[in-house]
Amino acid sequence: MKDAAPTTVYLEDYKPFGYVVDSVHLTFDLAPNATRVKSRIEFSPNPEAADRRFWLDGEKLKLISAKIDGKDVNPVCTAEGLSCDAPDAPFVWEAEVEIDPAGNTALEGLYMSNGMYCTQCEAQGFRKITYYPDRPDVMSVFTVRINGDLPVLLSNGNPGKSGDGWAEWHDPWPKPAYLFALVAGDLVAHSDSFTTIGGRDVALNLYVRPGDEGKCAFGMEALKKSMKWDEDVYGREYDLDIFNIVAVDDFNMGAMENKGLNIFNSSAVLASPETSTDMNFERIEAIIAHEYFHNWTGNRITCRDWFQLCLKEGLTVYRDSQFTSDMRSAPVKRISDTIDLRARQFPEDNGPLAHPVRPDSFQEINNFYTATVYEKGAEVIGMLKRLVGDAAYAEALDLYFARHDGQACTIEDWLKVFEDVTGRDLTQFKRWYSQAGTPRVKVTEHWENGTYRLTFTQSTPASVASPAPQPQVIPIAVGLIGPNGDEVVETTLLELTEETQAFEFSGLSAKPVPSILRGFSAPVILERETTTAERAFLLAHDTDPFNRWEAGRTLALETLNDMTLGGAAPNAAYLDGIVAVTRDSSLDPAYRALMLGLPSQSELAAAQAESGHTPDPMAIWNACETLRQTLAEKLQDDLPGLMAEMRVEAPYRPDAEQSGKRSLGGALLSLLTRLDGGEEAARQYAEADNMTLQLSALSCLVRAGKGEDALRQFYEQWQGDRLVIDKWFMLQVLNAAPDRAVGAAKALTEHKDFNWKNPNRFRATLGALTGNHAGFHAADGAGYALLADWLIKLDPVNPQTAARMCTAFQTWKRYDAERQGQMRAALERIAAQPDLSRDTTEMVSRILGA
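Residues numbered from 1 in each chain as written. Predicted model: local features only at pLDDT ≥ 70, side-chain atom pairs only at ≥ 80, totals over all residues. Heavy atoms only, no water.

Draft legend 1. Spatial organisation of the environment of L598. Within the fold, L598 resides in the loop between α12 (589–596) and α13 (601–610). For L598, a relative accessible area of 12% gives the class buried. Residues L598 and L517, 81 residues apart in the sequence, show an inter-C-alpha distance of 21 Å. When neighbours within four sequence positions are excluded, L598 is seen to be in contact with R553, A556, L560, Y574, C624, L627 and R628. (Helix = DSSP H or I, 4+ residues; strand = E, 2+ residues; numbered from the N terminus. Buried < 20%, exposed > 50% of the residue type's maximum accessible area, 1.4 Å probe, protein only. Contact = heavy atoms within 4.5 Å.)

Structure, rendered in structure tokens:
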């Protein structure tokens, strides 16, 4: 039957828990279907709380016994927890419960993955392990004993005593229950060590299943780089004697920052040149850094309640972005982050799932692990740093760590340290946390007698989440370029605080060309009437790498829109500009590869809808194909030489230099395949000695309709490697022609290796279908129907993954009436299921309420 009707939780209703948890002792007697968990918890009255009601959260638990101060009690139990009379004085609560890890397919709480016990407790998984005040503002010291017949028994903190079939762990740092972790399994460790800046020797272990030992070295090096970087840049030293990472195949997210025991989706930590692409390596490096950085921004200082999720996630995403920029290319990272933000967060911010960076209400917190909280939250941190400057930012962070170490904090606490350091009033800036929607910034210009004036007008569309948005503080980085291509005004940061505001630049000898929003200094949509000639000028001369890329991107959008809506030919200015950039050997190959990329088809559809047109997915696909073909023909004489320059003869390294060359080489191969029918791609596939080259060649062959033999060979070669086979599933759907995409996805769901209960495999197949824009939006609605069928099947087993994949329907109002009707029908069919989870119920109802 359907979950109980969801209740709405409001930020304004926050009240502290009635008791302080002074210590927690847990004992686990592991058994696949009948694990016993014994808890001994010391409580004392919380002087900050007015409500002394003793309520412990708990779901799907079989209560065996309960005691207070050694005496049996009979609590009132519900499906969501228990209540009991408790003393208004310190007391000891003891309970024993039984749980079923093997039957826990939702992958929250304690569950099993290929014979391994593991946990995922964020956001509210600990309540599926034992009865507890499962909220982030309740922090305590944990001591854990694990009894089991598996060789490796792990938990948080430092190891204590151990023996045959048991191990004890103690974490001296108070933490909320969402950071609890336990792993037990037949695992092998890839071990190393790190000496902190203070001289502490830290044992490092990356635990994997037997057979995966050869995929650990890169992850370990990434961990050590992260530890060193956090000391050098933020002054943060690691605080335990051991740091463990465990790779798990069945995991809903990328990774989890549990104190001292990070648990990773195996795809986010295991890597080798033969099985992983350059993009995999970069993603792994970033995720390892992200989870490690949480040790201070998330663990030592956590969030008071789940409304403050952006406090730990936005800040930590910003920190891992800084790290990647330092390890690789800052301009390439900034452009990549912006592409991702526009693809994922902008549609969210401008659709039925819009919510502020700090929401003011939720029904199911799992549904708010979103691009808005993470990526827009990181953009807010970046804007704050630009506004106050590097030195003040560093001083404010030092104060934040000193003032709030060991606390559960709020956005108000975070902003207060910046106010105290800088003397600035951040009341208006705080609107970035409370208002939903992407601000539009309209720009006009005026030139007279050596003075150039830019006038900015900001507005944010009203929505259910923010019905009356107010002007925000928007940092706008601007440079001015003279007619000869020289920069006449270097990058200057303007602060837009009013609805309309003008800024003047005087003493100029000629009317300049403005380069606005350099470095994408704020997550806004810039609206300015300009000409193709000006875009081409900026593409050729802008000294800001981001805005140079943006000029090319905008030209591509304009020409594709003209081709789609007006039947125009590809724009010569765009083609000439991109050809010039591609030939420019002084530019980073990774940057040139980004320049060669076209806007996503979904981005084109959004731009057309924004301008009042109804996007036609097939017309957009055809325009993209025509433009790519024209670009290939324009570069045909250059392609062989350019590709030869990008070949790497040295042993494989996943560093920025080699990765950039392979990235550009892959983009060039895609163009060449359009001219030679796949001859060069077939040669590269046959000779490839790393997964990046092999997979890029295979993708080209599939797109060209020449991949049947190579796909069979690829499967035969890699069928024993589950992560590589995820790639095999994904590329067949993602690279399929629109009229074959749904059929390819459907056929793969019938393949013997399609394990739909594994989140990675499910996303590789059905997620790839939603990424094939024209294929998913096929006119007959088959894509919508297939996804709905599988979400209905998945929801009772793994509601978290099912709910998150409902976002594929969030832009349904963008399309024509026929497609709208088909998507509405699919959503209503999901909503009508009698056993629909709270997670999916909330997502579908919000999308349908558009």
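Draft legend 2. View of the packing of helix α16 (residues 656–676) against helix α18 (residues 691–703). Here α16 crosses α18 at 20°, and the two axes come no closer than 10 Å. The orientation of α16 relative to α18 falls into the category roughly parallel. Helix-helix and strand crossings are classified by hand; for α16 and α18 the assignment is right-handed. Taking contact as the criterion, the partners of R662, L669, S670 and T673 in α16 are, on α18, T692, L693, S696, A697, C700 and R703. For the contact of α16 with α18, a count of residues per class yields four nonpolar, four polar and two charged. (Axes fitted to C-alpha atoms, helices over the stretch in contact; angles between N-to-C directions. Parallel < 35°, antiparallel > 145°, perpendicular 65-115°, else oblique. Left-handed = near helix turned anticlockwise from the far one by under 90°. Nonpolar A, V, L, I, M, F, W, Y, C, P; charged D, E, K, R; others polar.)

Draft legend 3. Quick peek at the nonpolar core. In terms of nonpolar packing, the biggest core is built from 268 residues, with W93, W414, F429, F456 and F809 touching the most fellow members. When residues in this core are grouped by element, the largest group, nine residues, is from helix α5 (residues 371–388). When neighbours within four sequence positions are excluded, F429 is seen to be in contact with V380, M383, L384, L387, L415 and V473. (Core = buried A, V, L, I, M, F, W, Y, C linked by side-chain atoms within 4.5 Å.)

Draft legend 4. Representation of the sheet that holds strand β19 (residues 242–248) in the model. Strand order in this open sheet of five strands is β17-β18-β19-β21-β20, and the pairing throughout is mixed. Both edges of this open sheet fall to β17 (188–195) and β20 (255–256), since each of them pairs with a single strand only. Note that β17 and strand β18 (residues 201–208) share eight bridges and pair antiparallel. The residue bridging D192 from the neighbouring strand is L204, located in β18. (Pairing = 2+ DSSP bridges.)

Draft legend 5. Fine view of unusual backbone geometry. Cis geometry is found at the peptide bond from E122 to A123, where omega equals 10°. As for its position among the elements, A123 is in the loop between β11 (116–120) and β12 (140–147). One non-glycine residue, D69, lies in positive phi territory at about 50°. The topology assignment puts D69 in the loop between β5 (62–68) and β6 (71–72). Positive phi values are uncommon outside glycine, yet N114 reaches one of about 50°. Locating N114 in the fold gives a position in the loop between β10 (109–113) and β11. In this structure N114 comes out as exposed when scored by relative accessible area, which is 53%.

Draft legend 6. View of the pattern of salt bridges. Counting across every chain of the model gives 69 salt bridges. With its nearest N and O atoms 2.8 Å apart, the salt bridge here joins K312 to E257. Of the two residues, K312 sits in helix α3 (residues 309–327) while E257 sits in the loop between β20 and β21 (261–265), which places them 55 residues apart along the sequence. Of the two residues examined, K312 and E257, each falls in the buried class. The partner of E504 in a salt bridge is R453, with the nearest N and O atoms 3.4 Å apart. Placement of the pair is E504 in strand β29 (residues 500–505) and R453 in strand β26 (residues 451–459), with a sequence separation of 51 residues. Residues joined in a network through salt bridges with shared partners are E122, E257, K312 and E313. (Salt bridge = Lys/Arg side-chain N within 4 Å of Asp/Glu carboxyl O.)

Draft legend 7. How the structure looks around the packing of α16 against helix α17 (residues 679–687). In contact at an axis separation of 7 Å, α16 and α17 are set at 125° when each is read in the N-to-C sense. Classed by the angle they form, the pair α16 and α17 counts as oblique. Residue-level inspection shows L669, L672, T673 and D676 of α16 in contact with α17, the latter providing E679, E680, A681 and Q684. Tallied by class, residues from the contact of α16 with α17 come to three nonpolar, two polar and three charged.

Draft legend 8. Broad picture of helix α4 (residues 330–349). Largest kink in α4: about 35°, centred on R342. The opening residue of α4, the one whose side-chain oxygen lies 3.2 Å from the backbone nitrogen of V332, is S329. (Bend = angle between axes of the 7 residues up to and from the residue. Polar contact = N/O pair within 3.5 Å; in protein donor to acceptor, adjacent residues only side chain to side chain.)

Draft legend 9. Broad picture of the sheet that holds strand β31 (residues 525–527). Strand order in the open sheet made by the four strands is β29-β26-β25-β31, with mixed pairing throughout. Bordering the open sheet on either side are β29 and β31, each of which pairs with just one other strand. For this sheet, the mean angle separating the axes of adjacent strands, direction not counted, is 25°. In the sheet, strand β25 (residues 440–448) pairs with β31 via three bridges, with the strands oriented parallel.

Draft legend 10. Looking closely at the packing of aromatic side chains. A complete count under the given rule lists 47 aromatic pairs for this structure. With a centroid separation of 4.9 Å and an interplanar angle of 65°, the aromatic rings of Y178 and W306 are classed as edge-to-face. Of this pair, Y178 sits in the loop between β15 (166–175) and β16 (182–185) while W306 sits in the loop between β22 (302–303) and α3, and the two are 128 residues apart along the sequence. Exposure class is identical for Y178 and W306. Each is buried. Summarising the aromatic geometry, the rings of W756 and W790 are spaced 6.2 Å apart at their centres and angled 55° between planes, so their arrangement reads as tilted. With W756 in the loop between α21 (738–749) and α22 (759–771) and W790 in helix α24 (residues 782–794), the pair connects residues that are 34 residues apart, well separated along the chain. Positioned over the ring face of W296 is R236, at 4.6 Å from the centre of the ring. Of note, R304 hangs over the ring of Y14, and the distance from its end group to the ring centre comes to 3.7 Å. (Phe/Tyr/Trp six-rings, centres within 6.5 Å; stacked < 30°, edge-to-face > 60°. Lys NZ or Arg CZ within 6 Å of the ring centre and 35° of its normal.)

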